[in-house]
Amino acid sequence: MSRVPVAVLISGSGSNLQAILDASADPGFPAEVALVLSNRADAFGLERARRAGVAAEVISSRGLSREAYDAALVERLSAGGVSWVCLAGFMRIVTPTLLSAFPNRVLNIHPALLPSFPGLHGAEQAWRAGVRLAGATVHLVDEGTDTGPILAQGVVPVHQDDDAETLAARILTVEHRLYPMVLRWAAEGRIHVDGRSVTIDLFPGESTSLALGF
Ligand code: GRF
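All of these numbers come straight from a predicted model, not from anything done at the bench. (Residues numbered from 1 in each chain as written. Predicted model: local features only at pLDDT ≥ 70, side-chain atom pairs only at ≥ 80, totals over all residues. Heavy atoms only, no water.)

> So what exactly am I meant to see when it comes to the site of the ligand here?
The environment of the ligand is formed by Ser-13, Gly-14, Ser-15, Asn-16, Gly-89, Ile-109, His-110, Pro-111, Leu-172 and Glu-175. Within the backbone of Gly-14, a nitrogen or oxygen atom sits 2.8 Å from an oxygen atom of the ligand. One nitrogen or oxygen atom from the side chain of Glu-175 is found 2.7 Å from an oxygen atom belonging to the ligand. Considering the ligand on its own, with 360 Å² of exposed area, one finds that the protein chains cover 81% of that surface. When atoms are counted within 2 Å of each cavity's grid points, the one that captures over half of the ligand is the largest pocket. Taken together, the elements giving at least two residues each to the shell around the ligand come down to helix 1 (15–24), strand 5 (106–110) and helix 6 (164–187). Tallied by class, residues from the shell around the ligand come to 3 nonpolar, 6 polar and 1 charged. (Near = heavy atom within 4 Å. Polar contact = N/O pair within 3.5 Å; in protein donor to acceptor, adjacent residues only side chain to side chain. Areas by Shrake-Rupley, 256 points an atom, 1.4 Å probe, with all protein chains shown as cover. 1 Å grid on protein atoms, 1.4 Å probe; cavity = no way out; pocket = protein on both sides within 12 Å on 5 of 7 lines; lining within 4 Å. Sits in = over half its atoms within 2 Å of the grid points. Helix = DSSP H or I, 4+ residues; strand = E, 2+ residues; numbered from the N terminus. Nonpolar A, V, L, I, M, F, W, Y, C, P; charged D, E, K, R; others polar.)

This is the structure:
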């Protein structure tokens, strides 16, 4: 079975990258990580990639505009022949330069139930707001900050004795299940996008499908 090559873009720990690497260690998983790119040389995720035998490179943004940086990303991603790009703790806002090279093929994970709490520190924002349910969202990336069409969400309770860190840790466990699940859908061609309306074939081979429009 030929697998769909994907890239994962990181800036830090890379625990979501690890979840994707672990999933793709199964030869039956439909995607394989062909390339890991980081904007930071000290990202621990680079080490995770190398341990898994995956090419891992730093592309520094020093002195580059956002567009020039994304053009450098596109050059490397295109040379790597990847079909999908997964942002996983990649702490940069991407531009149309990247998005137009991979139309509706850039995924992101966010530690909150979007559209609530976009931007930095989503879990902490949720904790401060006093919500009783929190979670994570995988979405397609558009030009806004965490505004693209939602593909899947996972929910966790907020406990009375939580602080921002314990809540973020609980959300992260959901992230690690959610991202490989959505990447499987992507690699199997089960995500269909029409403008901002997304249909996902949750039950392949059956006539039912779940429309997630908003
Ligand atoms: C995660 O909480 C993710 O949702 C957010 O940044 C964090 C990255 O964590 N975008 P890691 O680097 O995958 O451990």
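> Explain the environment of Ile-171 here, please?
Position of Ile-171 relative to the elements: it lies in helix 6. In this structure Ile-171 comes out as buried when scored by relative accessible area, which is 0%. On a C-alpha basis, the gap between Ile-171 and Ala-72 in space is 32 Å, while along the polypeptide they are 99 residues apart. Every residue in contact with Ile-171, bar those within four places of it in the chain, is listed here: Pro-111, Ala-123, Ala-134, Gly-135, Ala-136 and Val-156. (Buried < 20%, exposed > 50% of the residue type's maximum accessible area, 1.4 Å probe, protein only. Contact = heavy atoms within 4.5 Å.)

> Any chance you could explain the sheet that holds strand 5 here in plain terms?
Strand pairing in a sheet takes place through backbone hydrogen bonds and is either antiparallel or parallel in direction. An order of 3-2-1-4-5-6-7 is seen for the 7 strands of this open sheet, with the pairing classed as mixed. Edge positions in the sheet fall to strand 3 (56–58) and strand 7 (150–157), since each has one partner strand and no second. Shown here is a sheet whose adjacent strand axes are inclined to one another by a mean of 20 degrees, direction ignored. Sheet analysis places strand 1 (residues 4–10) next to strand 2 (residues 31–38), joined by 7 bridges and oriented parallel. Residue pairing in the sheet places Ala-7 in a bridge with Leu-35 of strand 2. With respect to the sheet, helix 1 is in contact with strand 1, strand 2 and strand 5, its orientation differing from that of strand 2 by roughly 155 degrees. Along the sheet, helix 2 (residues 44–51) contacts strand 1, strand 2 and strand 3; its crossing angle with strand 3, the most-contacted strand, is approximately 155 degrees. (Pairing = 2+ DSSP bridges. Axes fitted to C-alpha atoms, helices over the stretch in contact; angles between N-to-C directions.)

> Which parts of the structure should I look at to understand the packing of helix 5 (residues 122–129) against helix 6?
A pair of packed helices is captured by two measures, namely the crossing angle of their axes and the spacing between those axes. Running from N to C, helix 5 and helix 6 cross one another at 125 degrees; their axes reach a closest spacing of 9 Å. Considering the angle they form, helix 5 stands oblique to helix 6. The hand of the helix 5/helix 6 crossing is right-handed. Where helix 5 approaches helix 6, its residues Ala-123, Glu-124 and Trp-127 are matched on the opposing element by Ala-164, Leu-167, Ala-168 and Ile-171. A per-class count over the contact of helix 5 with helix 6 returns 6 nonpolar, no polar and 1 charged. (Parallel < 35°, antiparallel > 145°, perpendicular 65-115°, else oblique. Left-handed = near helix turned anticlockwise from the far one by under 90°.)

> Would you explain the layout of surface pockets in this entry?
Gaps between atoms show up when a probe of the same size as a water molecule is rolled over them. Taken as a whole, the largest pocket encloses approximately 1000 Å³ of empty space. Considering the residues around the largest pocket, the lining is formed by 38 residues, among which Gly-89, Phe-90, Met-91, Ile-109 and Pro-111 are closest to the centre. The set of elements that each furnish at least two residues to the lining of the largest pocket consists of helix 1, strand 5, helix 5 and helix 6. Looking at which element gives the most residues to the lining of the largest pocket, the answer is helix 6, with 6 residues. Within the lining of the largest pocket, the residues separate by chemical class into 15 nonpolar, 17 polar and 6 charged. (Points joined across faces, edges and corners; volume = space filled by probe spheres on them.)

Without other data, these values stay purely geometric and don't point to any function.
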